[in-house]
2 protein chains.
Amino acid sequence: MYRSHNCGELREAHQNTEVTLSGWVQTVRDKGFVIWADLRDRYGITQLIFDEERSSKEIMDTAKSLGREFVVQVKGTVLERSSKNPNIPTGNVEVLVSEIKILNKSITPPFTIEDQTDGGEDLRMKYRYLDIRRNPVKNNLIFRHKVAMEVRKYLSDQDFIEVETPYLIKSTPEGARDFVVPSRMNQGQFYALPQSPQTFKQLLMVGGMDKYFQIVKCFRDEDLRADRQPEFTQIDCEMAFVEQEDILNVFEGLTKHLLQEIKGITVDKFPRLTYEEAMRKYGNDKPDIRFGMEFGELNAVAQHKDFGIFNEAELVVGIAVPGIASYTRKQLDALVDWVRRPQVGAKGMVYVKYNEDGSFKSTVDKFFDQEDLAKWAEATGAKPGDLICVLSGDANKTRAQLSALRMEMAERLKLRNKEEFAPLWVVDFPLLELDEETGRYHAMHHPFTSPKPGQMELLDTDPGAVKANAYDLVLNGNEIGGGSIRIHDKQIQSTMFKHLGFTPEEAKAQFGFLMDAFQYGAPPHGGLAFGLDRLVAILGGQETIRDFIAFPKNNSGRDVMIDAPAAIDQEQLNELSLKLDLKA
Amino acid sequence: MYRSHNCGELREAHQNTEVTLSGWVQTVRDKGFVIWADLRDRYGITQLIFDEERSSKEIMDTAKSLGREFVVQVKGTVLERSSKNPNIPTGNVEVLVSEIKILNKSITPPFTIEDQTDGGEDLRMKYRYLDIRRNPVKNNLIFRHKVAMEVRKYLSDQDFIEVETPYLIKSTPEGARDFVVPSRMNQGQFYALPQSPQTFKQLLMVGGMDKYFQIVKCFRDEDLRADRQPEFTQIDCEMAFVEQEDILNVFEGLTKHLLQEIKGITVDKFPRLTYEEAMRKYGNDKPDIRFGMEFGELNAVAQHKDFGIFNEAELVVGIAVPGIASYTRKQLDALVDWVRRPQVGAKGMVYVKYNEDGSFKSTVDKFFDQEDLAKWAEATGAKPGDLICVLSGDANKTRAQLSALRMEMAERLKLRNKEEFAPLWVVDFPLLELDEETGRYHAMHHPFTSPKPGQMELLDTDPGAVKANAYDLVLNGNEIGGGSIRIHDKQIQSTMFKHLGFTPEEAKAQFGFLMDAFQYGAPPHGGLAFGLDRLVAILGGQETIRDFIAFPKNNSGRDVMIDAPAAIDQEQLNELSLKLDLKA
C-alpha cells in the first residue's frame, strides 16, 4: 500500500499517528541540520520534516538528494508544527519522516509547477501532463467533471435517458466541413465523424425514447479561430411531445440547478428577448446583460439637422458609457481610433460628454444644440458624468460596431463581474439567413428547424422574414446553448430542403432515412444542445475553453504533445485504397 | 402542452379527472358502436374508449380512421374499466375520449411493434427507429443508461474524476488496426481514432490526476466477428500510487455495487484464479463458474495401458457432464461429431458412462478396466449418472477443445442460469504471447504492462514464462474487464519496447511523448477497463451486445439505416489531398 492518507487530509487530530504518504516533491528547504520538504498530490500539500537529531543519516542524505517533482513515499509521525501555515488546510501539522523511498526521480521540469508558472502556453501544451499538475489546470478539470455529473444527475432525475449515438456516420456536405474516416472494408467509401448527433436524436424521438440526452464529442473540420477546437463536447438533448415553452422550462431548470449546485447562486426566472429585441437593444444575439448601456436609437432626434452623415444613415444609434465624461481628449481620440480599427469597422464616432453640471459637449455642437443633445441623453438613458457614443450607417453593421464598443467599454470599466451570472433566452430567431457571397439562403440553425406556425407561405415571398421556433440560451455574453422545435412532417421537411437548394435527389441521398422515418408516426419534438466546453468555462468565471480541456489542440488542429496528426504507413494507405495527392 | 400525464401513469386514483395524453396507436378494436384503442408511449399503454352514446360522430369517425402507429393527442376523462387488465399497471382504468387530434399519420410499419415482432434482424436494423419503439430494445437502452449512471455515481463518490481524452490522436501500427482521419490542415497527415485512451490515462497519472475514469467510445478497424462492433464503449479507469491489490478491491467494489443496485444481488468476495489455474481447471481464461464440470487431468491414470492415442498425447483431460450417462448411442455419436467439427477441432472423443448402478461403460473398454475408469471418475469428480468426456493431444489445443465442449454442454443442460452472477478475477497473466505465424512475441495485454517484480531478467531467457501484473474480471464466462499495473520507469519501458521488436527510433516516434513524460516523476500506476457493451448485456441476462446498442453496425461495418459508409464528393477528396486507389 503506497499511502495511508493523501497529502491534503492530515490535521491536528492526526497528531502522533503513524502515516504513509506518497506524492511529488514540490519544494525542499535545506537548512543543513533540518530539512523541510513539501509533498504534493491532487488533494493538497503536506510538510515533511527531517532533522539531524531525530532522523538517521541515511534519511538525511536521501532528503538532501531530493529534487523538484521527485516521486517519493514516506512513513512518519504527524506532529504539530511550531510555525503554522494558515493558508493551507494541512498547515498546522508536519510529518517527521522515519522512512523514505524514492519511487521515481525527475529531471528538471521545463517550467515551474506553481499556480503562477514561468511556462508560456506553447511549452505548457507540449508538456500538458506537467501543466495538469498545476492547481489552476487540475482544478478546471475537476470542475468540469462536477458540472458534467450534475448535468447527468439532473437530467436523469427528470427521466431523460442518455443514449450513445454512433461516431462513424455519413458525410453530409451541408453545414460545416466533416472529418471523414476511410472504410477499409467498404472500398472507396467513407464514414464521417458527427458534427452533432442531430439526426440520431430525432430518430430516437421517432423511436419513442421521449426524453434523450447525451454528453458527446462532436467534430468540425473548420479553419480554427482562436478558442475553437476541432473536437468539442455537447450536452445534446431532445424531447418528444413538446412545444417551445416546455423545452425552455426544462433547460432553464437545468441551468438554475447548475448555478445553484455549482456556484451557490439562485437565479429567478430567466428574461426572454426576441432576436429582434436583442439586436435592437444590444446589437447582438448573445447580449451580456450584467450591465446596462442599452442602445438608444436616435434617428428621430438626430436626423432633423444639417448633419449629412446622420441624415444619410439608415440608423443612428448610441450608448451611454457610464462615468467617463471626464475622459481627456487623448483618451477620446483613442476611442475613436478603436472603433475605426478594421476589426470593428466604423467610419467614425460622434460623442457627447454629459457633464456633471448637466451641460453637454459634443463633437457635433455645430449641428446640435443642448436641447437636441438632451434628447439623445434621454434616448440612451445617459446620466450626468456619462459619455454618449453614437455610430451611424447601415443598420446591421452599425449595430454590430456599437455592440463591439459596448463590450469593449464593459471590459475596460470592469463591468463584466465574474461572480455575477445573468442568463437569458433569445427566442424567435429568423429561420433563414442570407449568404451575401452566394446570394443563397441557408438555415440559420439547421435544416430541421420548424418555422413558426403559419409562416410557411412566407418562404416563397419573403424568406428572410420567416421566424423559427428556435432559441438560444445566453449566459454573460456567450451562447451556451441553442435549439429548436423540429419539423416532424415529411412534406414540410421536403419543402424546407427545396428552399435550401437541395434537389429531391440530394435530399433523398443525404436525409432519406430521416424523411422515411417521418412516415411512420413521428411525434412533435424539439431539443437543445449546450456547448459543454464553453458552459464550464463560463461557470468557472473564464472565457477560454482550452483551459477546461485536458488535451486541447492548437490553432492548426495539432496536438503538440503527441505530435498528431502525423504521416501513416504506405501499407495503411494501401489497405484503405487511398493515395496521397499532395499539392506543391 | 401535449399531455398532462404519460401513458403509463393513470390509476384508479385518477378516476373522473380530465387528462390529456399523447402517444402512438398500438391497436384499435372497432366493435362498431364502441371502439377501444391502446395508446402507447415510452412509459406504458393506456386504453382509450370511444362509444356512440358518449362520443360525437366526428370523434367516432376519427377513431375509426386510426391506423397502427398513428400519433394522436386525446383529451378525456379517466374511468374505471369494466373488464380490468391485471397485466399492465394502467389496466384498471380507461380514458373516455372527448377530443382527439391526429398529430401525425403513419404508413403501415414494415414489422409489428410488439415484444415478439415478425421482423427479421435485417429489417429491424434498417428501421431501427421503429425497432426502438419495441419494449425489449427500448428497455435495453434504458437499462444501459442506468448501468452507466451507477458506474459514474460510484466512481465519482470514490473521488474518481471523469476526464475527456481526445478522439483525434495519432496512429500506432501496433495492436489492432486504427481507423484514421485525414487532416485537411496538415496535408498528407492523419489522425487516428483511439483504440483506447491508454496513453492519455497514463499521462493523466503522470499529471497527478490520481484517480481517473471515463465512459468513452473506442474504435478498432478489425474484420468483424459476430458481435464485434467497429466502435464500442469502455469504462476506462486508472489510479496512481496503487498496487494490483488496490485496483482489484476498487473494481470489485464497483462490480458488487452494480450487482446490488441493478440486479439486487449481493455477492461476497470474488474468487481469484491465476491464469494457469484457470487454464488447467477450465481450459479457458474466462471461465463460467456458475456450474462445475471442472477439468480432471488424466495423464497419470490413462497413460499406463496400450491405448496409443493417450500415450502419445501431451495431455489427457476429461470432464464429468452431469446426468447424461443415459444418452443414447445416437446422441453420443452426435456429441463426438460435435467435437470433431472444424470450429472445435478435436480428432475424436473417448467417453465413459458412469451408470447409476456404479458400473462404467466406455468406448475404450478394450484398454481400460473398471478400476481404471473409477480413477477417471475420481479425477473428474463424476457421480453415477454422469458422462465422462475425455479429449487428448497437444495440451493447449486440447484444453481449448474441452472448454468448448464444457460450454456447449452447459448450454444444452441449461446450467447457465441468467439470474445467477458469478464474477471472478483471473490474475497473473503471461506478459507475452507467441504469435505462431511470425514467431514473434507480442504483449498479451499491451506494451505498457508491468512484469511481475523480479521477472525482467527472464525476458531474455524465457520470454513466454514472464508473468505480468495483469488481471481480468470475468463474469459468467465473459471477460468484462481487464487491466494491469503499468510500467512507470522510462528504462523498463524502453527494454519492453525492444523485446516487442520496436527499434529505438520506432519507439521514440510512436511513444516518445510517453517515455519523455516518465522522466518527470511518473508515479506507480495501474488501471482497468470494462467493456460497457458486454457488461450491460451480461447484467441484462443476454450475451449479444448489439441488442444493447442504439444504432449498431452490421458485420460489414455498415449502418444499414443511414447507409454508411458512403462515397464522398471529389471536392472533399481534393481538400484532403487524397485520391482513391481502387483495386479491381
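Residues numbered from 1 in each chain as written. Chains lettered and ligands numbered in written order. Predicted model: local features only at pLDDT ≥ 70, side-chain atom pairs only at ≥ 80, totals over all residues. Heavy atoms only, no water.

At the interface, 127 residues of chain B touch 127 residues of chain A. At the boundary of chain B with chain A, total buried surface from both sides reaches about 11300 Å², with 60% on carbon and sulfur atoms. Looking only at chain B, the three residues that lose the most surface to chain A are Glu-164, Phe-241 and Tyr-520 of chain B, adding up to 7% of its buried area. Where chain B packs against chain A, one counts 12 salt bridges. With a shortest N-O distance of 2.8 Å, Glu-575 of chain B and Arg-177 of chain A are connected by a salt bridge. (Contact = heavy atoms within 4.5 Å. Buried area = accessible area lost by both parts, 1.4 Å probe. Salt bridge = Lys/Arg side-chain N within 4 Å of Asp/Glu carboxyl O.)

All names here are of chain A. Here 5 strands make up an open sheet; going across it, the order is S12-S13-S16-S14-S15 and the pairing antiparallel. Edge positions in the sheet fall to strand S12 (296-297) and strand S15 (360-362), since each has one partner strand and no second. Here strand S14 (residues 350-354) pairs with strand S16 (residues 387-393) via 4 bridges, running antiparallel. When the bridges of S16 are listed, Tyr-351 appears paired with Cys-389. With respect to the sheet, helix H12 (residues 395-412) is in contact with S12, strand S13 (315-321) and S16, its orientation differing from that of S13 by roughly 10 degrees. (Pairing = 2+ DSSP bridges. Helix = DSSP H or I, 4+ residues; strand = E, 2+ residues; numbered from the N terminus. Axes fitted to C-alpha atoms, helices over the stretch in contact; angles between N-to-C directions.)

Here we take up the packing of helix H10 (residues 329-340) of chain A against H12 of chain A. Any two packed helices are characterised by how steeply their axes cross, that is the angle between the axes, and by the distance between the axes. Residue and element names in this part refer to chain A. The geometry of H10 relative to H12 is characterised by a closest axis approach of 10 Å and an angle of 135 degrees between their N-to-C directions. On the basis of their axis angle, the class for H10 and H12 is oblique. Considering how the two elements wind past one another, H10 and H12 form a crossing that is right-handed. Where H10 approaches H12, its residues Leu-335, Trp-338 and Val-339 are matched on the opposing element by Ala-404, Leu-405, Glu-408, Met-409 and Arg-412. Counted by class, the contact of H10 with H12 contains 6 nonpolar, no polar and 2 charged residues. (Parallel < 35°, antiparallel > 145°, perpendicular 65-115°, else oblique. Left-handed = near helix turned anticlockwise from the far one by under 90°. Nonpolar A, V, L, I, M, F, W, Y, C, P; charged D, E, K, R; others polar.)

Attention now moves to the relation of the copies chain B and chain A. Here chain B sits on chain A after a turn of 180 degrees about the axis and a move of 0.0 Å along it, with an RMSD of 0.1 Å. Interpreted geometrically, this transformation is the action of a two-fold axis. Residue by residue, 100% of the interface of chain B is reproduced at the interface of chain A, so both copies engage with the same surface. (Least-squares fit on C-alpha atoms with pLDDT ≥ 70 in both.)

On to helix H4 (residues 135-157) of chain B. Residue and element names in this part refer to chain B. Between the first and last C-alpha of H4 there are 32 Å, a value that for 23 residues agrees with the 33 Å anticipated at 1.5 Å per step. Most of H4 is tucked away, with 17 of its 23 residues classed as buried. Immediately downstream of H4, the backbone of Asp-159 shows phi near 75 degrees, a positive value. (Expected span 1.5 Å × (residues − 1). Buried < 20%, exposed > 50% of the residue type's maximum accessible area, 1.4 Å probe, protein only.)

Here the focus is the packing of helix H5 (residues 198-206) of chain B against helix H15 (residues 504-518) of chain B. Residues and elements named next belong to chain B. Packing of H5 against H15 brings their axes to within 10 Å, and their N-to-C directions diverge by 20 degrees. The orientation of H5 with respect to H15, classified from their angle, is roughly parallel. Of the two elements, H5 crosses H15, and the hand of that crossing is left-handed. Between H5 and H15, the contacting residues are Thr-199, Gln-202, Leu-203 and Val-206 on the first element and Phe-511, Phe-513, Leu-514, Ala-517 and Phe-518 on the second. The residue makeup of the contact of H5 with H15, split by class, is 7 nonpolar, 2 polar and no charged.

As a further point, take the sheet that holds strand S11 (residues 272-274) of chain B. The strands making up a sheet associate through backbone hydrogen bonding, with each pair oriented either parallel or antiparallel. Residue and element names in this part refer to chain B. Overall, mixed pairing links the 8 strands, which are arranged S6-S9-S10-S22-S21-S20-S17-S11 in an open sheet. The sheet is open, and its two edges are formed by strand S6 (161-162) and S11, each paired on a single side. In the sheet, strand S17 (residues 423-427) pairs with strand S20 (residues 470-475) via 5 bridges, with the strands oriented antiparallel. Bridged to Val-427 within S20 is Tyr-471. Against the sheet, helix H7 (residues 275-282) makes contact with S11 and S17, and its axis sits at roughly 90 degrees relative to S11, the strand it touches most.

Attention now goes to the packing of aromatic side chains. Tallied over the entire structure, the rule returns 49 aromatic pairs over all chains. Lying across the ring of Tyr-127 of chain A, Lys-126 of chain A places its NZ or CZ 5.6 Å from the centre. (Phe/Tyr/Trp six-rings, centres within 6.5 Å; stacked < 30°, edge-to-face > 60°. Lys NZ or Arg CZ within 6 Å of the ring centre and 35° of its normal.)

Bringing the pattern of salt bridges into the picture now. Residue and element names in this part refer to chain B. Tallied over the full model, the rule gives 84 salt bridges over all chains. We note a salt bridge from Asp-333 to Arg-329, for which the minimum N-O separation is 3.1 Å. Of the two residues, Asp-333 and Arg-329 both sit in helix H10 (residues 329-340), 4 residues apart, roughly one turn of that helix.

Our focus in this paragraph is the environment of Gln-572 of chain A. Within the element layout of this structure, Gln-572 of chain A appears in helix H17 (residues 570-575). Residues Gln-572 of chain A and Arg-184 of chain A, spaced 388 residues apart in sequence, show a C-alpha to C-alpha distance of 9.3 Å. Apart from residues no more than four positions distant in its own chain, Gln-572 of chain A is found in contact with Ser-171 and Val-180 of chain B.

Before going further, it helps to spend a moment on the pairing of strand S10 (residues 231-240) of chain B. Residues and elements named next belong to chain B. Of all the 10 residues making up S10, 10 are buried; the element is thus mostly covered by neighbouring parts of the structure. Neither face of S10 is open: one carries Glu-231, Thr-233, Ile-235, Cys-237 and Met-239, the other Phe-232, Gln-234, Asp-236, Glu-238 and Ala-240, and all of them are buried. With 9 bridges joining them, strand S9 (residues 211-219) and S10 adopt antiparallel strand pairing. Within S10, the residue paired with Cys-218 across the bridge is Phe-232. Where S10 meets strand S22 (residues 525-531), 7 bridges bridge the pair, whose relative direction is antiparallel. Across the sheet, Ala-240 pairs through a bridge with His-525, a residue of S22.

Taken domain by domain, chain A consists of domain 1 (12-104), domain 2 (138-272 + 422-571) and domain 3 (291-412). Once you take the C-alpha centre of each, domain 1 of chain A and domain 2 of chain A turn out to be 50 Å apart. (Domains from an automatic or database assignment.)

Bringing the environment of Gly-531 of chain B into the picture now. All names here are of chain B. Inspection of the secondary structure assignment puts Gly-531 in strand S22. Overall, Gly-531 belongs to the partly exposed group, its relative accessible area being 27%. Along the chain, Gly-531 and Ser-196 lie 335 residues apart, while their C-alpha atoms are 11 Å from each other. If we skip the residues at most four places from it in the chain, Gly-531 touches Thr-233 and Ile-480.

Together, Glu-505 and Glu-506 of chain A together with Asp-569 and Glu-571 of chain B make up a region of like negative charge exposed at the surface. By the element assignment, Glu-506 of chain A lies in helix H15 (residues 504-518). (Patch = residues over 30% accessible without salt bridge, like charges linked within 9 Å, V, L, I, M, F, W, Y side chains within 5 Å. Areas by Shrake-Rupley, 256 points an atom, 1.4 Å probe, with all protein chains shown as cover. Lys, Arg positive; Asp, Glu negative; His and termini not counted. Charge placed at Lys NZ, Arg CZ, Asp CG, Glu CD.)

Moving on: the side chain of Asp-372 of chain B. Considering the arrangement of structural elements, one finds Asp-372 of chain B in helix H11 (residues 370-380). A distance of 2.4 Å separates polar atoms of two side chains, one belonging to Asp-372 of chain B and the other to Lys-305 of chain B. (Polar contact = N/O pair within 3.5 Å; in protein donor to acceptor, adjacent residues only side chain to side chain.)

Turning next to H7 of chain B. All names here are of chain B. Within H7 the residues assigned to the buried category are Tyr-275, Ala-278 and Tyr-282. Summarising the axial view, the buried residues of H7 lie within an arc of 70 degrees, below the 170-degree limit, and thus occupy one face. Directly beyond the C-terminal end of H7, a positive phi value near 65 degrees is found at Gly-283. (Arc of directions from axis to C-beta.)

All right, on to the confidence of the model for chain A then. Of all residues in chain A, 99% attain a pLDDT of 70 or more, and the chain-wide mean is 95. The complex prediction reports pTM at 0.95, with the ipTM value standing at 0.95. (pLDDT = per-residue confidence, 0-100.)

This part covers unusual backbone geometry. All names here are of chain A. Note the cis peptide between Ala-564 and Pro-565, where omega equals 0 degrees. Secondary-structure assignment places Pro-565 in the loop between helix H16 (532-539) and H17. At Ser-577, a residue that is not glycine, the phi angle is positive and equals roughly 55 degrees. As for its position among the elements, Ser-577 is in the loop between H17 and strand S23 (578-580). Overall, the relative accessible area of 3% leaves Ser-577 in the buried class.

Moving on: the pairing of strand S5 (residues 93-104) of chain B. Residue and element names in this part refer to chain B. Examined bridge by bridge, strand S3 (residues 44-51) and S5 share 3 bridges and lie parallel to one another. Across the sheet, Gln-47 pairs through a bridge with Glu-94, a residue of S5. Where strand S4 (residues 71-80) and S5 come together, 10 bridges link them in antiparallel fashion. By the bridge assignment, Glu-80 is partnered in S5 with Val-93.

Moving on, we come to the side chain of His-5 of chain A. Residue and element names in this part refer to chain A. Following the sequence through the fold, His-5 ends up in the segment before strand S1 (18-30). By relative accessible area, which is 18% here, His-5 ends up buried. When near neighbours in sequence (up to four residues on either side) are disregarded, His-5 contacts Leu-10, His-14, Val-19, Thr-20 and Leu-21.

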